[in-house]
Each structure stands twice: as C-alpha cells, then as structure tokens.
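Structural characterization, general
Given next are the chains, with one letter for each unit.
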Amino acid sequence: MTSMHGADNKAYRNESQAGDKRQTMLNIPDQRLAIQAYEKILKMIMSRQIQPGDLLNERRLAEMLDMSRTPVRDALLILEGEGLLLRQGRRGLQVRRIQVDDFLDALQVRLLLEPAVARMAAGKVAGDILDALEGDLKAVMNNAGPTGTDVEREQTRRIDEHLHGVIASAAGNPKLSSILLELRRQTQFFDLKSLPERVTDTCNEHMEIIAALRMGDGDRAARAIIFYLDQVRASIIARLSRA
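A brief report on the enclosed structure follows.

Cut-offs used in this document
Residues numbered from 1 in each chain as written. Predicted model: local features only at pLDDT ≥ 70, side-chain atom pairs only at ≥ 80, totals over all residues. Heavy atoms only, no water. Axes fitted to C-alpha atoms, helices over the stretch in contact; angles between N-to-C directions. Helix = DSSP H or I, 4+ residues; strand = E, 2+ residues; numbered from the N terminus. Parallel < 35°, antiparallel > 145°, perpendicular 65-115°, else oblique. Left-handed = near helix turned anticlockwise from the far one by under 90°. Contact = heavy atoms within 4.5 Å. Nonpolar A, V, L, I, M, F, W, Y, C, P; charged D, E, K, R; others polar. Pairing = 2+ DSSP bridges. Buried < 20%, exposed > 50% of the residue type's maximum accessible area, 1.4 Å probe, protein only. Arc of directions from axis to C-beta. Polar contact = N/O pair within 3.5 Å; in protein donor to acceptor, adjacent residues only side chain to side chain.

Quick notes on the packing of helix H4 (residues 58-65) against helix H5 (residues 69-81)
H5 packs onto H4 with a crossing angle of 115° between their chain directions and a minimal axis gap of 9 Å. Here H4 is positioned roughly perpendicular relative to H5, judged by the angle of their axes. The hand of the H4/H5 crossing is right-handed. Here H4 contributes Glu 58, Arg 59, Leu 61, Ala 62 and Leu 65 to the contact with H5, which in turn contributes Arg 69, Val 72, Arg 73 and Leu 76. Across the contact of H4 with H5, the residue classes tally to 5 nonpolar, no polar and 4 charged.

Considering the sheet that holds strand E2 (residues 85-87)
The pairing of strands in a sheet comes from backbone hydrogen bonds and takes either a parallel or an antiparallel form. As summarised here, the arrangement of the 3 strands in space is E1-E3-E2, forming an open sheet in which the pairing is antiparallel. Strands with a single pairing partner mark the edges of an open sheet, and in this sheet they are strand E1 (55-56) and E2. Pairing of E2 with strand E3 (residues 93-95) involves 3 bridges; the strand directions are antiparallel. Bridging across to E3, Leu 86 finds its partner in Gln 94. Taken strand by strand, H5 contacts E1, E2 and E3, and its axis lies near 100° from that of E2.

A closer look at H4
Taken residue by residue, H4 has Glu 58, Leu 61, Ala 62 and Leu 65 as its buried positions. Each buried residue of H4 sits inside an arc of 100° when the element is viewed along its axis, so together they form one side. At the N-terminal boundary of H4, the capping side chain belongs to Asn 57, with an oxygen 3.1 Å from the backbone nitrogen of Arg 59. Count one or two residues on from H4 and you reach Asp 66, which has phi positive near 55°.

Quick look at the environment of Glu 82
With respect to the helices and strands, Glu 82 occurs in the loop between H5 and E2. For the pair Glu 82 and Glu 182, spaced 100 residues apart in the sequence, the C-alpha separation amounts to 4.8 Å.

Some remarks on unusual backbone geometry
In this structure, Asp 66 takes a positive phi of about 55° despite not being glycine. Considering the arrangement of structural elements, one finds Asp 66 in the loop between H4 and H5.

Rendered as structure tokens:
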C-alpha cells in the first residue's frame, strides 16, 4: 500500500500552501508539535473518543497526549477555526454537535463550490500524487470486505482529506481552500462511519475524480464531484428514512 504517512504530509503541505487556517493560526516556532497535537485530537473527535458536546480541558488533553500545553492550545485554536470546536465563554471549548440539518446545509454549499474548484484543478495535480491516491484507494477496496466494516475509519478520512485538499490547493484560491476545509470537517461526521456499505462505491467515485484530474478534463471532474456528493446525500437521507 502507498505510504499513508507520506501522502498525509503532502496533503498538509498542499493545504498550508493554499493559505488555510492551520498554518496561519500557529503561534510556536516548532509547528510540528502543534500539527501532531492537531492530528491526534482530530482523530479522537472523529472516532468519537471525544464526543460531540464534550468540553475540552487543555491540561487533561496535554497529559493524555504526553505534550506540553502550548502545542495543545495551538491545536485547539486550529480546530476552533475549522468549526469543529465552539467557544463557550469561561467554560472553554466544546466539541460542536453537528446535526443532520447542519450536514445537509454544508453538503449543499459543497455542491455549489466543489465542481468549480475541480474544474480549476483539472490538469494541475502532479501525477505522482494522483498515483499515490489511486494506490491507496485500491488498497482500501481490496481490504473492505463485503460490508465495508473492515476498513479503518482513520484510513478513509486521511485519503478523503488528501484528495479534496489536493484539489482545493491545485485550484489556487486560498479563500476557497479554507472554506472547503471547514465544510469538509462538518460533513466528515456523517461519512463512511455512518455508511460502511458505501466504501467501495466511494472509492470508485474518487477514482473517477482522479481520472478526470489526470486527463485535465474540468467538466468531467466537476461531474464526478457532483455525482459523488449527490450519492452521499442520497445515502444519508435513505439511512435516516429507515431509522
């Protein structure tokens, strides 16, 4: 399987070059520690080890992560900037509760913005990055199993983050990149964790996006993004209707 660690580093560099909030909000000379704290706390939120509505204690998090409070504080500022944490006055930062309506609203805005971003990015993403993404997606499909429950949640999040971050960066619009990052954070609460049966379909939809980017076909890339987001929306609505 293509190295996920290398892919993640590329994704981070691409998004920081696009001017997103992670880089600009860091306050310490050694940004690496803040980024490590950010990734670890984000993983805890996405895996529900930290639940929506929980109040975060900076000191306790620092002890859990075996870090000083400074990088943890900077990581929390990044997550607040991305919309995952809400400041509750003197009570501190709280993990945002993402309701279904919030998800659908965010997805609707993504449908308006991401096709245009994909058009701008087509033909501008390096082939080796696309190759790495393609290899990661194929590995996920090989390991998915019949129900998709064999795939690690963190693995799928990282691939999705890398692909969509690369697209936003290649479009060359830092403001759009920042907006889309915040929207993706909100919709990630309802992704393959909620829809394990969509693992293979999602990988195939992402492969189509990659093929369009590789060919430099902006219209095809836009159509592929629209199809993918429409399928996510339809699947969530279908799941809710069965609940």
